[in-house]
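# A closer look at the structure
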Amino acid sequence: MRIESVEAIPFSIPFAKPVRFASGQVEVADHVLVRVRTSDGVVGVAEAPPRPYTYGETQASIVAAIEGLFAPAVVGLPLLSREQVRARVGRTVGNPTAKAALDMALWDAWGKTCGQPVHELLGGFTDSLAVSHMVGFDDPAAMVAEAERVRDTYGITSFKVKVGRRPVHADVAVVRALRAGLGEDVELYLDGNRGWTATEAAQALRLLDDVGLSRVEELDPADDVLARRWLVQRCPVPYVADESAPTAADVTREVLGGSATMVSIKTARTGFTDSTQVAGLCEGLGVPVAVGNQVDGSIGSACALAFGASRRSTSLLSAELSNWLDLADDLLTEPLVIVDGRMAVRSGPGTGIEVDEDKLTRYRTDR
Ligand code: MUC
Ligand code: MG
């Protein structure tokens, strides 16, 4: 069974509530649906989210990379020759979400071919994950109200708080307000998307010492190499590498260099194949991991769920799986669900999702 075609379909679905953070903001899911067809007529899908402020990709660049470079490189290869696909696609540098979506669409097609869910093909560790919700920039009262609504509606008790604004005191006030409003029983952790200097981040950590944070992520730029190591050495909780360590090589460099003590794994940028590699590396190094979110849509969230549930190391902590809640609509025939703060794996073959063709017709932007 061979790869017969690879399509890149741009679509656009508005977020009912835009997500804002230190490195950018997302108002519309202007993502790309990657659709693979095999010689047996099986179809696999995944989505690529353009995040120019993180990876330099745009919706147009993802479509161009897939149509112009990756599809011609892989069409005709056996569906299961993932290392060949990886080697050929890897000849082009960059384009992480375009490569990841192609990889996940191929896994989806394989799962649908053999009638097995991807989370089982990848390891089958568990059947549900605790969900963490990301709270974007707003004023303190609005951020507390959003977290309370998400907790009361979906039972979610883990929150990633976006920080990195100046002055530091504004974000410190937000985090304090969240702890006061939500109580001691919720998990709170921070993501600065490189917005602060190491000195500002250290100040924030001092001011928040008694708030009970579980971890912090990319508070300052990893490219400020010595300042970052200085901060990580002093950080009282795990310091997560996210955008500074998207590949296994980056993880090795950042962790061994003392610039991070924990790693965020995002299927949106490492697909299933390279996410497996990163997870195995972290397990070998003894570095904890968490399943992160690229402000994914429903398809991307289903992929992150399948991967997170596949291994022990990726299912220990709550996974960032909830940004689709803020989308005005999605492309799925069956919506995702969060009950009692958890998402159950989809039981169908592949990643367990089906694209609603009428919705795709409505939201695609290339016709
Ligand atoms: C995150 O964890 O940083 C925001 C920007 C991005 O690249 O991903 C999101 C969430
Ligand atoms: Mg992050």
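Given the structure is predicted, the values throughout are model-derived calculations rather than measurements.

### Observations concerning the sheet that holds strand 5 (residues 43-48)
Pairing is antiparallel across the open sheet formed by three strands, whose spatial order is 1-4-5. At either end of the open sheet lies a strand with only one pairing partner, and these are strand 1 (3-10) and strand 5. Each strand axis lies, on average, 20° off the axis of its neighbour in the sheet, ignoring direction. Relative to strand 5, strand 4 (residues 32-38) runs antiparallel, the two being bridged by six bridges. The residue of strand 5 that forms the bridge with Arg35 is Val45. In this fold helix 4 (residues 96-114) packs onto strand 1, strand 4 and strand 5, with an angle of close to 155° to the strand it touches most, strand 5.

### Some thoughts on the packing of helix 7 (residues 168-182) against helix 8 (residues 198-207)
Direction vectors running N to C along helix 7 and helix 8 enclose 30°, while the axes themselves pass 10 Å from each other. Two packed elements cross with a definite hand, and for helix 7 against helix 8 that hand is right-handed. Taken together, the residues of helix 8 that come into contact with helix 7 (itself represented by Val168, His169, Val172 and Arg176) are Glu200, Gln203, Ala204 and Leu207. Tallied by class, residues from the contact of helix 7 with helix 8 come to four nonpolar, two polar and two charged.

### Examining the side chain of Arg311
When you line up the elements, Arg311 lands in the loop between helix 13 (298-310) and strand 13 (319-320). On the accessibility criterion, Arg311 (16% relative accessible area) is buried. Within the structure, the side chain of Arg311 is placed 2.9 Å from the side chain of Glu283, a separation counted as a polar contact. In this view, Arg311 contacts Phe125, Thr276, Ala279, Gly280 and Glu283; residues no more than four positions away in its chain are not counted.

### Details of the coordination of the magnesium ion (ligand 2)
Taken together, the protein donors to the magnesium ion (ligand 2) comprise Asp191 (OD), Glu217 (OE) and Asp242 (OD), at separations of 2.0 to 2.2 Å. For the magnesium ion (ligand 2), the single-chain donor residues occur in sequence as D-x25-E-x24-D. With a gap of 51 residues between them, Asp191 in strand 8 (residues 187-191) and Asp242 in the loop between strand 10 (239-241) and helix 10 (248-256) connect regions that are remote in the sequence.

### Re the site of ligand 1
Residues in contact with ligand 1 amount to 13 residues; listed here are only the nearest, Thr54, Lys160, Asp191, Asn193 and Gln294. Contact between ligand 1 and Lys160: an oxygen atom at 2.8 Å from a side-chain N or O atom of the residue. Contact with the protein chains removes 100% of the 270 Å² of surface that ligand 1 exposes when unbound. Most atoms of ligand 1, that is more than half of them, are within 2 Å of grid points of the largest cavity. Here the residues of the shell around ligand 1 are counted per class, giving three nonpolar, four polar and six charged.

What counts as what
- Residues numbered from 1 in each chain as written.
- Chains lettered and ligands numbered in written order.
- Predicted model: local features only at pLDDT ≥ 70, side-chain atom pairs only at ≥ 80, totals over all residues.
- Heavy atoms only, no water.
- Pairing = 2+ DSSP bridges.
- Helix = DSSP H or I, 4+ residues; strand = E, 2+ residues; numbered from the N terminus.
- Axes fitted to C-alpha atoms, helices over the stretch in contact; angles between N-to-C directions.
- Contact = heavy atoms within 4.5 Å.
- Left-handed = near helix turned anticlockwise from the far one by under 90°.
- Nonpolar A, V, L, I, M, F, W, Y, C, P; charged D, E, K, R; others polar.
- Buried < 20%, exposed > 50% of the residue type's maximum accessible area, 1.4 Å probe, protein only.
- Polar contact = N/O pair within 3.5 Å; in protein donor to acceptor, adjacent residues only side chain to side chain.
- Donors = N, O, S within 2.8 Å, 3.2 Å for Na, K, Ca; no water.
- Near = heavy atom within 4 Å.
- Areas by Shrake-Rupley, 256 points an atom, 1.4 Å probe, with all protein chains shown as cover.
- 1 Å grid on protein atoms, 1.4 Å probe; cavity = no way out; pocket = protein on both sides within 12 Å on 5 of 7 lines; lining within 4 Å.
- Sits in = over half its atoms within 2 Å of the grid points.

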